[in-house]
Amino acid sequence: MESSKVIHAIYTDDDELMAAVKKVKAAKHHIEEVYTPFPVHGLDKAMGLAPTRIAIAAFLYGCVGITVAVVMMNFIMIDDWPQNIGGKPSFSYLENMPSFVPIMFEMTVFFAAHLMVITFYLRSRMWPFKKAENPDPRTTDDHFLMEIPVHGNAKDLKTLLSDTGAVEINIVDKEEEH
Amino acid sequence: MYTLSNRLKIFSVALMFLGAIGWFYSYSNSHISLEEVKTMLAEEASHGGGHGEELDSHAVVTESHGTSDNHNTEMSHNDDVDVHDSDHAEHVMHQIHNRPYSALYVAAFFFMMIALGALAFYAIQYASQAGWSPVLFRVMEAISYYLLPGAIAVLAIALWAGPHIFIWMDPDVVAHDELIQNKSSWLNTSWFAIRGIIFIAGWSAYRFFSRKFSIAQDNADINDNSNFKKNFRISAAFLVFYIYTESMMSWDWIMSVDPHWFSTLFGWYVFASMFVSGITVIALITIYLKSKGLMEFVNDSHMHDLAKFMFAISIFWTYLWFSQFLLIWYANIPEEVTYFVTRIEDYKLPFFGMLVMNFIFPFLVLMNSDYKRIPWFIVMAGIVILIGHYLDVFNMIMPATVGDRWSVGLPELSALALFSGLFLLLVFYALSKHPLLPKGNPFIKESEHFHY
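### What about the overall build of chain A?
A tally of regular secondary structure across chain A gives five helices and four strands. For chain A, the N- to C-terminal ordering of α and β elements is β-α-β-α-α-α-β-α-β. With respect to the three principal axes, the spread of C-alpha positions in chain A is 80 × 35 × 30 Å. Within chain A, buried positions represent 15% of all 178 residues. A fraction of 74% describes how many contacts in chain A between residues 6 or more apart in sequence connect residues 24 or more apart.

### Looking at the interface of chain A and chain B
Listed as interface residues are six residues of chain A and, on the opposing side, seven residues of chain B. Looking at the side of chain A that touches chain B element by element, the count peaks at three residues for helix 4 (residues 97-123) of chain A. Counted by class, the side of chain A that touches chain B contains three nonpolar, three polar and no charged residues.

### Quick word on the packing of helix 13 (residues 300-331) of chain B against helix 15 (residues 348-365) of chain B
Residues and elements named next belong to chain B. Running from N to C, helix 13 and helix 15 point in directions that differ by 145 degrees, and their axes come no closer than 9 Å. Between helix 13 and helix 15 the crossing geometry is left-handed. Of the residues in helix 15, those in contact with Met310, Phe311, Ser314, Ile315, Trp317 and Thr318 of helix 13 are Asn358, Phe359, Pro362 and Phe363. Of the residues assigned to the contact of helix 13 with helix 15, the class counts are seven nonpolar, three polar and no charged.

### Observations concerning the nonpolar core
Of all hydrophobic cores here, the largest spans 113 residues; its most connected members are Ala107, Ala108, Ile143, Ile282, Met310 and Val427 of chain B. With 22 residues, helix 5 (residues 81-127) of chain B is the single largest residue contributor to this core. Valine 427 of chain B has contacts with Ala142, Ile143, Tyr145 and Tyr146 of chain B, leaving out every residue within four places of it along the chain. Counting residues in hydrophobic clusters, the runner-up holds 16 residues, among them Ile7, Val24, Leu145 and Ile148 of chain A.

### Looking at the domain arrangement of chain A
Taken domain by domain, chain A holds domain 1 (3-51 + 133-175) and domain 2 (54-123). One C-alpha centre belongs to domain 1 of chain A, the other to domain 2 of chain A, and the line joining them spans 45 Å.

Cut-off values and rules
Residues numbered from 1 in each chain as written. Chains lettered and ligands numbered in written order. Predicted model: local features only at pLDDT ≥ 70, side-chain atom pairs only at ≥ 80, totals over all residues. Helix = DSSP H or I, 4+ residues; strand = E, 2+ residues; numbered from the N terminus. Buried ≥ 20, exposed ≤ 12 C-beta atoms within 10 Å, placed from the backbone. Contact = placed C-beta atoms within 7 Å. Nonpolar A, V, L, I, M, F, W, Y, C, P; charged D, E, K, R; others polar. Axes fitted to C-alpha atoms, helices over the stretch in contact; angles between N-to-C directions. Left-handed = near helix turned anticlockwise from the far one by under 90°. Core = buried A, V, L, I, M, F, W, Y, C linked by C-beta atoms within 7 Å. Domains from an automatic or database assignment.

Structure below.
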C-alpha cells in the first residue's frame, strides 16, 4: 500500500465549483476527482474527462437484443412448434414478421437498458458490499469536494484554492488501493 | 433583420408560375373519353402476359375500393364479362380524371400540414414556458403565416374537386351505398365546409393573436410581461382546440376519401406526420438563416434539440403507423384490411419507401448525439423526412382516387412546385417583417445562453 497526500477543497455552490475547476485546470493542476451531491452540467468537460462511450455500448447491446429476439421467436414460433394463430402464415419468419415486431422492439430495449446499467456499474468499479470511496459524507448532502494530488506544491495549491472560494481546504493522506 | 431578396422573390414566383402551367397542362390532358380509355386498355392488354396479372389485381381494387361505381361493380362483376370490361374502362377513366385534382390536393395538404405542425410546436413552447426555444419563435411564426392561405387552398380544392376526391360527395354513389348513407349526417358537403371553416378560423385566430402579442411583447417595457402572459393563456387554450380539430380535420380531409374505412388513431397518425414535418422545416429555415449570418444567437444546442425532436417524432410516427398497421393486418377483417392490400399491391414502392425515409433513415442518421449538431446532417435527414412525409400524404389520398393509375409525374411535381413557391414566398415575406430575435420575451436571455 502506497500512501500519498491529496488536497480536499470543499465548496458550497455548484457555480463556484465550476469556476474553481476551470481555474485549477488553467493553472495546469491535475484534478483527481470531484464529488458532488448531484450531476453538475458541463463539469466533465471542464475537468477534461474523455467523452463517454456508453452510447456505442448501448447501440451494440441493442443489436444483440434484436438478434436474440429474432433467433428466439424463429425457434419458438417457426422451427420448433409452429402454431396457427389467427390464420397467420406460421412457417415463415418474414411473412409473420409484423407480429414479432413488438417482441423485437422490447428485447432491443431490454438488452440495451440492462446491459448499459451493468456496464456502467462495472466501469465505475461498483459492486455489492464495496466500501464507499466518498471521502466526506457531506458531499451527499450539500457540499462539493475537489480532490487534487499534492506533489510538494501544497502551499501554491492552498493559496490558489482559497482564492477560488473554497470554504474548507484539508490536506489528507490517501490510502491507495492498488 | 432579414430582407426578402429579389432573387428569392423571382425564384418562388417562377416556381408558382411553372407549377401552374404544368398543372393546367396535365389537367387539360386528363379529360380523355371512355373510348380513348378503352383503346388504351386494349393496347395495354396486348402488351403481353405481364399485364394480365395486373388486370387481375385491378379486379381486387375495383372490388374493395376506388371511385364512384365500385359497389355496383362488385355485384355485377361475375355476371357479364362485357359489362365488367365497360365498367372497368369507366372506372379507369374516372381514375385518370381524378389524378390532377388529387395531385393538387396532396401538395396543398402537405404544405398546409407543415404550417399547422409548426404552429402546434410553437403553441407548445408557449404553453410549457420553454426556456430554450424563444430564439426560434420568429421562424415558427413565419412558417405558420402560411397556414391561413394554405388551409383555405386545401378546403377550396376539396370543395371544388368534390367527387373527384371525395366519392361521398357524389349523390349517385350515396344513393347506392348504405354505409355512406348511415354516415351522411357527418359526411355531407355543407357540414364538411362549415367544419372546415371553423377549423381554419380557430387556428388562424390563434396564430393572429399570438403573433400580435409576440410583437407587442418586444415593444413593451422590460418589466411588463402582460403580453407574454396573454400568449401563454391563449396557447394553452389553442392546444385543446387544436387536438380536437386536428383529429376531426384528419377524418374530414383525409380519411373520408375512403368513406368505408376508418381507423381510430388516424388523427394521431396525421398529427405525428405534421409535427415532424413542421419541426423539420423550422430546423431547415433556421440553418439557412444562420448560414446567412442572420441568426448568430442560435447555437449548436438549439440545433441539437431540434434534431432530437426530428429524431423522436420520426420514431413516434413509426410507432403510430405500426400500431395502425399491426392491428389491421392481424385482425384481417375484409373492410379494414383492404386499405393495406391496395397499398401493398399497387403502391409497393411509395408505401415501403416511405417507411425507409420516415423511419430507418432518420433513425440511423440522427441516432448519434454528435451528428445532431452538424448542419449538413440535419439538412440531409430533413430533406429525406420531408419527401417521406409527402409520400405519406400521397399514400393516404391517391389509392382512393386514382387506384393503380398513379405515378409521380407532371401533375404531382407541378403541384408541388406551385405550393412550394407560394410557401417560400409567404414564409420569407413573414420573416422579413420583424427582427429575427424576439428580444422582449422574458425567457430570451435563458434561450440565448442555452447550452449543454
